[in-house]
Amino acid sequence: QVIGGNVMAGSLIYGPKPEYPALAKQARISGVVHLHAFISADGSVQSLQVIPPAHPLLAPAAVEAVKQWRYKPILLNGQPVEVETTIDVSFMIADDQQ
């Protein structure tokens, strides 16, 4: 069962933001890391795979954060099911950050 990212984003119940890697912040590296994820029937993240291209300083921080995420179970005919989705994690440097 493939569920779109917007549906999954709406069912996110715990999603800590990734820690911006200090080296990436100092170098003013920003971007989006795309992850292919399997979400188990209980709403936990089962597996993650980085979808290239991804910046090597940003990808590990995205994976570490998303591994902790939890979703409301997605129901199909009243039963929780495993789903696969794409998760986008953005790293943007605000003008007031140094």
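In what follows, the accompanying structure is described.

**Quick word on the overall build of the chain**
Okay, so step 1: Scanning the chain from terminus to terminus reveals 3 helices and 7 strands.
Okay, so step 2: If you list the helices and strands of the chain from N to C, you get α-β-α-β-β-α-β-β-β-β.
Okay, so step 3: Across the 98 residues that make up the chain, the buried fraction comes to 35%.
Okay, so step 4: Of the contacts formed within the chain by residues at least 6 apart in sequence, a portion of 78% connects residues at least 24 apart.
Okay, so step 5: As displayed, the chain has an accessible area near 6000 Å², and 53% of this comes from carbon and sulfur atoms.

**Some remarks on the environment of His34**
Okay, so step 1: Within the element layout of this structure, His34 appears in strand β2 (residues 31-39).
Okay, so step 2: Counting along the chain gives 17 residues from His34 to Ile51, while the straight-line C-alpha distance between them is 5.4 Å.
Okay, so step 3: With sequence-adjacent residues up to four places away left out, His34 is seen in contact with Gln49, Val50, Ile51, Ile87 and Asp88.
Okay, so step 4: In this structure the side chain of His34 is engaged in a polar contact, spanning 2.5 Å, whose partner is the side chain of Asp88.

**Points about the side chain of Ser11**
Okay, so step 1: Following the sequence through the fold, Ser11 ends up in the loop between α1 (5-10) and β1 (12-14).
Okay, so step 2: Beyond its immediate stretch of four places on either side in the chain, Ser11 contacts Arg70, Tyr71, Lys72 and Ile74.

**Notes on helix α3 (residues 59-66)**
Okay, so step 1: With 6 of 8 residues buried, α3 lies mostly within the body of the structure.
Okay, so step 2: Here α3 has its buried residues at Ala59, Ala61, Ala62, Val63, Ala65 and Val66.
Okay, so step 3: Against β2, β3 (45-51) and β7 (83-91) lie the buried residues of α3.

**Thoughts on the packing of aromatic side chains**
Okay, so step 1: Taken as a whole, this structure holds 1 aromatic pair when the rule is applied.
Okay, so step 2: With centroids separated by 5.4 Å and ring planes inclined at 85 degrees, the aromatic side chains of Tyr20 and Phe91 adopt a geometry described as edge-to-face. Taken as a pair, Tyr20 in the loop between β1 and α2 (22-26) and Phe91 in strand β7 lie far apart in primary sequence, 71 residues in all. There is no split in this pair, since Tyr20 and Phe91 are both buried.

**Some points on unusual backbone geometry**
Okay, so step 1: The omega torsion of the bond from Pro52 to Pro53 falls at -5 degrees, within 30 degrees of zero and hence cis.
Okay, so step 2: Tracing the backbone shows Pro53 in the loop between β3 and α3.
Okay, so step 3: Here the phi dihedral of Arg28 falls at roughly 55 degrees; this positive angle occurs in a residue that is not glycine.
Okay, so step 4: Among the residues examined, Arg28 registers a relative accessible area of 45% and is labelled partly exposed.
Okay, so step 5: You will see that Asn77, though not glycine, has its phi angle at about 55 degrees, which is positive.

Criteria and thresholds
Residues numbered from 1 in each chain as written. Predicted model: local features only at pLDDT ≥ 70, side-chain atom pairs only at ≥ 80, totals over all residues. Heavy atoms only, no water. Helix = DSSP H or I, 4+ residues; strand = E, 2+ residues; numbered from the N terminus. Buried < 20%, exposed > 50% of the residue type's maximum accessible area, 1.4 Å probe, protein only. Contact = heavy atoms within 4.5 Å. Areas by Shrake-Rupley, 256 points an atom, 1.4 Å probe, with all protein chains shown as cover. Polar contact = N/O pair within 3.5 Å; in protein donor to acceptor, adjacent residues only side chain to side chain. Phe/Tyr/Trp six-rings, centres within 6.5 Å; stacked < 30°, edge-to-face > 60°.

By themselves, these figures tell us nothing about what the structure is for.
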